[in-house]
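# Descriptive structure summary
Listed below are the residues making up each chain.
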Amino acid sequence: MPVTIRTLQKYKQEHRKFSVLTAYDATFSRLISDAGVEAMLIGDSLGNVVQGQQSTVPVTLEQMVYHTECVARGNQNSLIIADVPFMGAATLERTLDAAAQLMRAGANVIKLEGGAWLEEAVTVLKRNGIPVCVHMGLTPQSVNAFGGYRVQGKDEAGAKELLEAAITLDRAGTALFVLECVPRGLSAEITANVQAPVIGIGAAPECDGQVLVLHDMLGLNPRPARFVKDFMADAGDIAAAIRAYDQAVKDGSFPAGEHCF
Ligand code: KIV
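Along every chain, residues carry numbers that run from 1 in the direction the sequence is written. Totals for whole chains, interfaces and linings use every residue, but because this is a predicted model, local features are given only for residues with pLDDT of at least 70 and side-chain atom pairs only at 80 or more, for both listing and counting. Side-chain descriptors were evaluated using all non-hydrogen atoms of the structure, hydrogens and water having been removed beforehand.

What follows deals with the UniProt feature "binding site: 3-methyl-2-oxobutanoate" (unreviewed entry) in the protein chain. Residues annotated in UniProt with the feature "binding site: 3-methyl-2-oxobutanoate" (unreviewed entry) correspond here to Asp44, Ser45, Asp83 and Lys111. The greatest C-alpha distance among the annotated residues, which extend across 68 residues, is 12.6 Å, indicating that they converge on a single site. Each helix is a run of H or I in the DSSP string that is no shorter than four residues. Each strand is a run of E no shorter than two, and both are numbered from the N terminus. Note that Asp44 resides in the loop between β2 (39–42) and α3 (46–49). Each residue touching Asp44, except ones within four places of it in the same chain, is listed here: Thr56, Val59, Met64, Asp83, Pro85, Glu113 and Gln141. Along the polypeptide, Lys111 turns up in strand β4 (residues 109–113). Non-local contacts of Lys111, meaning those with residues more than four positions away in its chain, are made with Leu41, Ile81, Ala82, Asp83, Val84, Cys133, His135 and Val178. UniProt positions are given in the numbering used here, feature names are shortened, and annotations may be inferred rather than shown by experiment. Contact between two residues is taken to exist if any of their heavy atoms lie within 4.5 Å; hydrogens are not considered.

What follows covers the sheet that holds strand β7 (residues 198–201). By this definition, two strands are paired if DSSP reports at least two bridges between them. The sheet built from eight strands closes into a barrel, its strands ordered β1-β2-β3-β4-β5-β6-β7-β8 with parallel pairing. Mean inter-strand twist for the sheet, computed between neighbouring axes without regard to direction, equals 25°. Summarising the sheet, β4 and strand β5 (residues 132–137) pair through four bridges and their orientation is parallel. The partner of Glu113 across the bridge, within β5, is His135. The angle between two axes is taken between their N-to-C directions and runs from 0 to 180 degrees, where each axis is a line fitted to C-alpha atoms and a helix contributes only its stretch in contact.

Our next topic: the UniProt feature "active site" (unreviewed entry) in the protein chain. Residues annotated in UniProt with the feature "active site" (unreviewed entry) correspond here to Glu180. Relative to the helices and strands, Glu180 is located in strand β6 (residues 176–180). Only protein chains enter the accessibility calculation, which uses a 1.4 Å probe; a residue is then buried when its area is under 20% of its type maximum, exposed when over 50%, and partly exposed in between. Judged by its relative accessible area of 11%, Glu180 is buried. Once you skip the residues sitting within four places of it in the chain, Glu180 turns out to touch His135, Met136, Gly137, Leu138, Pro140, Ile201, Gly202 and Phe227.

Structure (structure tokens):
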């Protein structure tokens, strides 16, 4: 059965964990989907792991559309989430155009990086039949504004802002959240206070689902972040590593305390 937004909502209600991995091409899309991973994210992390860029900032909409088409061709039953790249949320017009192109390329959900200011975009996209995943916390497109890849929501004011933004966006109809590099306690609090399923990366085991960048969990990153686990180390092959990741997310053994902040 194809995974839909409703599947993930039901999982949240039933306290069943789900797994997500990034994918950028048809071959990995088939492998990931065959392993039973509920959702694939065509992340603009392709700028780092496919293009060799220093950040996701150079990635264009055309490139995101191309990789979304590739992943959609290999997909069996996973939900496809596609990133709106850098500056895609600068105006509502740009966001709507990017969302339309990504949905036509095969996405089921589009992902926007940001905060409470995305309320209008979420409302208008939802009205037009486009589910939105809002990525909060460490949003890599803002690396230059943050002055590096830093944990977000560490102080009281930052934590309050993130929690309030999540509640506002949830009320506006956000379909999914990604929380990246947000302290464990705050991640758990946000997850408990929103209706939409929350996907963590460097967040908390209490999140409803987990995501990792494919190349990271296959041990291909020479400088992995603290929240990464190399699932290839104990697996015989790539398909086995993907299955081990999926299993570890579903049985709650990943992420462990050591992967959180
Ligand atoms: O681009 C990406 O791969 C992402 C994940 C890190 C969540 O946004």
